[in-house]
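Below, each chain spelled out in residue letters.
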Amino acid sequence: MKINGPAHTNFNPYKQQIQKQTEVKKDIQTKDQIEISTQAKQLQENGKASEKRAAYVQEIKQAVDSGEYKVNPEKTAQKMIDFWSK
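Position numbers for residues count from 1 along each chain, tracking the sequence in the order it is written. Per-residue local features of the predicted model are confined to residues with pLDDT of at least 70, and side-chain atom pairs are confined, for both listing and counting, to 80 or more; whole-chain, interface and lining totals are unaffected and use all residues. Side-chain figures throughout are based on the complete set of non-hydrogen atoms in the structure, without hydrogens or water.

Our focus in this paragraph is the overall build of the chain. Tallying secondary structure elements over the chain gives 4 helices and 0 strands in all. For the chain, the sequential pattern of α-helices and β-strands runs α-α-α-α. When accessible area is computed with a 1.4 Å probe and restricted to protein chains, residues below 20% of their type maximum are described as buried, those above 50% as exposed, and intermediate ones as partly exposed. For the chain, the residues scored as buried account for 1% of the 86 residues in total. Surface exposure of the chain reaches about 9,500 Å², of which carbon and sulfur atoms provide 53%. Secondary structure elements follow DSSP: runs of H or I no shorter than four residues count as helices, runs of E no shorter than two count as strands, and numbering proceeds from the N terminus. Accessible surface is estimated by sampling points in the Shrake-Rupley manner with a 1.4 Å probe; for residues, cover comes only from the protein chains shown.

Attention shifts here to a nonpolar patch on the surface. A contiguous nonpolar surface patch, about 300 Å² in accessible area, is contributed by V64, Y69 and V71. Turning to its location among the elements, Y69 is positioned in the loop between α3 (51-66) and α4 (73-84). Here, patches come from residues exposed beyond 30% relative accessible area and free of salt bridges, joined within 9 Å for like charges and within 5 Å for nonpolar side chains (Val, Leu, Ile, Met, Phe, Trp, Tyr). Put simply, a salt bridge is a Lys or Arg side-chain nitrogen that is within 4 Å of an Asp or Glu carboxyl oxygen.

To continue, consider α4. Multiplying one less than the number of residues by 1.5 Å gives the expected span of a helix. Compared with an ideal rise of 1.5 Å per residue, which puts 12 residues at 16 Å, α4 spans 17 Å between its outermost C-alpha atoms and is within 8% of the ideal. Burial of α4 is sparse: only 0 of the 12 residues sit out of reach of the surface.

Any Phe, Tyr or Trp ring, taking Trp's six-membered ring, that has another such ring centre within 6.5 Å forms a pair; planes under 30 degrees apart are called stacked, those over 60 apart edge-to-face, and the others tilted. All told, the structure shown has 1 aromatic pair when counted by the stated rule. Between F83 and W84, the aromatic rings sit 4.9 Å apart at their centres with planes inclined by 85 degrees, giving edge-to-face as the arrangement. Grouping residues by exposure puts F83 and W84 together as exposed.

So, on to the confidence of the model for the chain. Confidence along the chain averages 82 in pLDDT terms, with 78% of residues attaining 70 or more. Mean pLDDT across the secondary structure elements of the chain bottoms out at helix α1 (residues 15-29), with 73, and peaks at α4, with 95. Per residue, pLDDT captures the predictor's confidence, and it can take any value from 0 to 100.

Okay, α3 next. Here α3 contains 16 residues, and its C-alpha end-to-end distance of 23 Å stays within 8% of the 22 Å for a straight helix at 1.5 Å per residue. Once α3 ends, the next one or two residues include G67, with phi positive near 85 degrees.

Right, here's the structure in full:
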């Protein structure tokens, strides 16, 4: 039995599928890249604790360890009210 297809000799019914597969392969072969903006770099630098802040935190830690640190309940309550009433 002989089946005669269309008149042109390069007829391939799977041509579209093959093209899709080659496009996918091209996409896979590209490498991922990341670029950090200058704003993000500045935020990373700002996130680091300054020496002044580190000294302040160390001072508070020493006061807590020695039992000299006292909490002002009125000031704490006022800060909480201010925060939640924004």
